[in-house]
Each structure stands twice: as structure tokens, then as C-alpha cells.
Amino acid sequence: MNRPLTILGLESSCDDTAAAVVRVGPEGAEVLSSLVYGQTDLHETFGGVVPEIAARAHAEKLDTSVAAALKAADMDFADLDAVAVTAGPGLIGGVLSGVMCAKGLAAGTGLPLIGVNHLAGHALTPRLTDAVDYPYLVLLVSGGHCQFLIVHGAEDFTRLGGTIDDAPGEAFDKVARLLGLPQPGGPAVESEAAKGDAERFKLPRPLLDRPGCDMSFSGLKTAVLRARDAIVSEKGGLMRQDRADLCAGFQAAVVEVLAEKTRRAITEYLYENPAHPVIAVAGGVAANVAIRAELETLSKQLSTKFIAPPLRLCTDNAAMIAYAGAEFFALGRRDGMELVAWPRWPLDNRSPAMLGSGKKGAKA
Ligand code: KG4
Ligand code: ZN
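Per chain, residues are indexed from 1 in the order of the written sequence. Lettering of chains starts at A and numbering of ligands starts at 1, both following the order in which they are written. This being a predicted model, a pLDDT of at least 70 is required before a residue's local features are given, and a value of 80 or more before pairs of side-chain atoms are given or counted; all residues contribute to the totals for chains, interfaces and linings. With hydrogens and water set aside, each side-chain value is computed from the structure's full complement of heavy atoms.

Draft legend 1. Looking closely at the pattern of salt bridges. The salt bridge definition used is simple: a Lys or Arg side-chain nitrogen within 4 Å of an Asp or Glu carboxyl oxygen. One pass over the full model with this rule turns up 18 salt bridges. For E52, the salt bridge identified is with R56, shortest N-O distance 2.7 Å. Note that E52 and R56 are positioned in helix α2 (residues 51-72) at a spacing of four residues, about one turn of the helix. Three labels apply to residues, based on accessible area from a 1.4 Å probe with only protein chains included: buried if under 20% of the type maximum, exposed if over 50%, partly exposed otherwise in between. Look at E52 and you get partly exposed, because its relative accessible area is 46%. R56 sits in the exposed class, given a relative accessible area of 56%. Among the salt bridges present, the one from E260 reaches R264, with a minimum N-O distance of 3.0 Å. With E260 and R264 both in helix α8 (residues 240-272) and four residues apart, this pair spans about one turn of that helix. Residue E260 is classed as partly exposed on the basis of its relative accessible area of 25%. What counts as a helix is a DSSP run of H or I of at least four residues, what counts as a strand is a run of E of at least two, and both are numbered from the N terminus.

Draft legend 2. Summary view of the coordination of the zinc ion (ligand 2). Around the zinc ion (ligand 2), the protein contributes the donor atoms H118 (NE2), H122 (NE2) and D316 (OD), which lie 2.1 to 2.2 Å from the metal centre. Here the coordinating atoms are restricted to nitrogen, oxygen and sulfur within 2.8 Å of the metal centre, or 3.2 Å for Na, K and Ca, and because water is not among them the sites may look incomplete. Every angle between 85 and 135 degrees makes a four-donor site tetrahedral, while opposite donors more than 155 degrees apart, with all other angles between 65 and 115, make a four-donor site square planar and a six-donor site octahedral; other sites are irregular. For the zinc ion (ligand 2), the four donor atoms in the first shell make angles of 91 to 137° at the metal, a pattern classed as irregular. All donors to the zinc ion (ligand 2) come from one chain, and their sequence spacing reads H-x3-H-x193-D. Of the two residues, H122 sits in helix α4 (residues 118-130) while D316 sits in the loop between α10 (311-314) and α11 (319-330), which places them 194 residues apart along the sequence.

Draft legend 3. Local environment of the side chain of T6. In this structure, T6 sits in strand β1 (residues 5-11). There is a polar contact of 3.4 Å between the side chain of T6 and the side chain of R23. Ignoring anything within four residues of it in the chain, the contact list for T6 reads V21, V22, R23, L32, M75, D79, L80, D81 and A82. Pairs of N or O atoms are called polar contacts if they sit within 3.5 Å, as long as, within protein, a hydrogen donor faces a hydrogen acceptor (for residues adjacent in sequence, only side-chain-to-side-chain pairs). Whether two residues are in contact is decided by their heavy atoms, any of which lying within 4.5 Å being enough.

Draft legend 4. Representation of the side chain of N273. Structurally, the position occupied by N273 is in the loop between α8 and β9 (278-282). Given a relative accessible area of 13%, N273 falls into the buried group. Each residue touching N273, except ones within four places of it in the same chain, is listed here: P135 and I150.

Draft legend 5. Structural view of the site of ligand 1. Consider each residue's heavy atoms; a residue with any of them within 4 Å of a molecule or strand counts as near. Close to ligand 1 lie 21 residues, the nearest being G143, D173, G186, E190 and G284. Here a nitrogen atom of ligand 1 and a side-chain polar atom of N288 are 3.0 Å apart. The backbone of D316 places a nitrogen or oxygen atom 3.2 Å from an oxygen atom of ligand 1. At the level of elements, α5 (168-178) and α6 (185-193) are the ones that each hand at least two residues to the shell around ligand 1. Considering every element that reaches the shell around ligand 1, the biggest residue donor is α6, with four residues. Here the shell around ligand 1 is built from residues that sort into six nonpolar, ten polar and five charged. When residues are grouped by polarity, Ala, Val, Leu, Ile, Met, Phe, Trp, Tyr, Cys and Pro land in nonpolar, Asp, Glu, Lys and Arg in charged, and all others, Gly among them, in polar.

Draft legend 6. A look at the sheet that holds β1. Pairing in this open sheet of five strands is mixed, and the strands run β3-β2-β1-β4-β5 from one edge to the other. Each edge of the open sheet is held by one strand with a lone partner, namely β3 (28-38) and β5 (113-117). Taken over all neighbouring pairs, the strand axes of this sheet differ in orientation by 20° on average, direction set aside. Note on geometry: axes are C-alpha line fits, over the in-contact stretch for helices, and angles between N-to-C directions span 0 to 180 degrees. Along the sheet face, helix α3 (residues 92-109) touches β1, β4 (82-88) and β5 and points at about 160° away from the line of β4. The rule for pairing is simple: two strands pair if DSSP sees at least two bridges between them.

Draft legend 7. Just helix α7 (residues 218-235), in detail. To estimate how far a helix should reach, multiply one less than its number of residues by 1.5 Å. End to end, α7 covers 26 Å across 18 residues, agreeing with the expected 26 Å (1.5 Å per residue, within 8%). For α7, the set of buried residues is L220, K221, A223, V224, A227 and I231. Looking down the long axis of α7, one finds its buried residues gathered within 155° of arc, a one-sided arrangement. Structural note: α7 exposes R226 and S233 on the side pointing more than 90 degrees away from its buried face. Residues of α7 that are buried in the fold lie against α5 and α8. Two residues or fewer past α7, G236 is found with a positive phi of approximately 85°. This arc describes the spread of directions from the helix axis toward the C-beta atoms.

Structure follows, in C-alpha cells:
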């Protein structure tokens, strides 16, 4: 990038309304502001994200989020080069809210509009935080997604594998619900797991017996349900220690599956790209200390550099959308008023579609 670019980013594809201003120059990228307004309280009583409620909340919050992000960056529209917005994949009402808001801003200010794939935002985050060169391998692991991607360039990805059903974050959330723990389930299950015995319940390690990097987490969640029901019918209820042991067993199974599949993905990636030994993680599940630690150990064993962006840039945010927008802008891409919101938008069109459906709709 020859001259610095200052980009406003908007994100509203699931249950976070986010706006950010990022500057990208020859020296690297700088997040000037990044605000995220979660909707957990709005969806709490429903036990999951309600798309219509999410879309309405985004529509209400987006314009004030933009104003707040500009103010926090001490900027005006005149200081910007473009507006970047998540145009998919995600819950369509939320994506549409963001795209319509960004179109309004572009029409009103004359700024160029750039539609960004949410997954590209996550996958390019290691460049925002650590300025890594292409290519690199990324494990995108969140509430809605789980896939290994080789990032060859801002618009060039190869998927090595991914989940064929639930994403791990979704499995953490469902297990939390089964055990009466609050949402989002990941942090709640993780803290219970710290008090539990991971060996007590023998839970499955799905798809480890099959070659390749595809994963499955749905059967693991069902195994937790069965184990819970067996305890309830035996003892008449679930004791605190039972719950902690179930959480520990579940988390250990997720760690083991992710670690083994990551080992295979790194090996496959390094075979083609031995000169770029870098693996990064992105997505909310990357916040899990046990998962992070295991992946870091594995990277060391395989002499691969490990990049784990700070948590606020792992979970959904608009800084990653603004950053990806800057890369696309530098490549000359501009979207006009015909920009479309996509519920499903795979990064790698060469690989066959993944099966299943997650928190954000069909898996990309
Ligand atoms: O990336 P993210 O903010 O949104 C999606 O794109 O889904 O990820 C949210 C997901 C939730 O499912 C949440 O339970 C999970 O990340 N998560 C965790 C942890 N913190 C958040 N999962 C496991 N352990 C954690 N500490
Ligand atoms: Zn995400």
C-alpha cells in the first residue's frame, strides 16, 4: 500500500453491531477506533440468536455506532477513503441492515463502498495484527464457522477442510444450554471445565478415524446430552461436580479433535508452502485457553510460527472488516449501489460446499 488509507468498517452479520476506523499505510495497520455492541441480553431468554430481533437491533444501532466510531477516532467523513461493510455470509436481516446503512453513507458522502466477506475479515486479521506475508494458514473457529484456510492473497483462499455440521462455538453454546449454564456458552463451559475431571466421561472424538481435515461436533454434543440424562436418571439430578466433569470431558474432546486436525492441516499446508511456516487462529473460540495452548504447543512441535490475535480482534468486530476493505480498495475493487447481501458466501468456490447449518445460517 503506497499511500495511507483510512477506512470505516461496519459489521452486523450475527449478534454484534460494530463500527471501526482503521488506517493502513506502508508501515502497517492501526486500529483508530473499534466499537462492538453485543446483543446477548436481547436474545438471552430465547436460548439463541433470534434473526428478526437481531436485524431490528442492528438497524437501530448502526448509525449511532458509526458516529461513535468516528468520534473515538477523532475523524469526520472527509478524513475517510472508503466505507467497508460485511456483505455476507450471515443472518440475512442483519447483513442487509449493514449493507443498507453503508449504501446510505456512501450515497450521502460520495465515498466508495466496498462489500467484505465476513470470513475474509477473520482470515485477514493476522495481517492487521501481525503484518504477516502471504501465504499463511488460518484456523477460523467461531460460533458460526470452523475451517482451515490457506490465505494466498486478500481474495484468494483454499479451504483444506472444515466442520460438516456444528461449529465448535455452537457446540460450546449448546452444551452450556444442556447443563443450565449461561450464554455465550464458551466462557461458561471453559470455567466449569477448570474444576472438572476430563477423564470421567468417555466422550467421542468424531472423525479422528477418517483421513483429512474435516470435523464434526454435533455428535459430541449429543454424547454430552446422553451422559447428562444417564446421570439424571441414576441420581435424580445433576450435581455441581457432574456438571464440571461433563464440561471438562467435552472441552478435552474439542481440544483433541482441533489439535489433531490442525496437525494434519499444517502438514498439508507446509508440503506446498515450506517457506512460509505460519499458522494463525481467528474467531471467538480462539479465546479458549486450553485450545490456544494446545495449538501453540503443536505449532512449536512443527516449527511453525503461531499467531493468535488479541481476543477483541478474534471475536466479531468491524476493525477486521475495515482492514479487509483497505486491502480490496488497494486492489482497485469498488462496489456500487448494486452491492448484494449474501446469506451464504464461501471464500473458496473451488472446494465443494460444506454440509450443515450453523448459528449464522448455511455453512460457507
Ligand atoms: O467469532 P464470534 O464472536 O462470533 C461468531 O462469528 O460466531 O464467536 C462467538 C463464539 C460463541 O459460540 C462463544 O461461545 C465462543 O465463540 N467462545 C468460546 C469462548 N469464548 C467465546 N468458546 C470456547 N471457549 C471460550 N473461552
Ligand atoms: Zn465471525
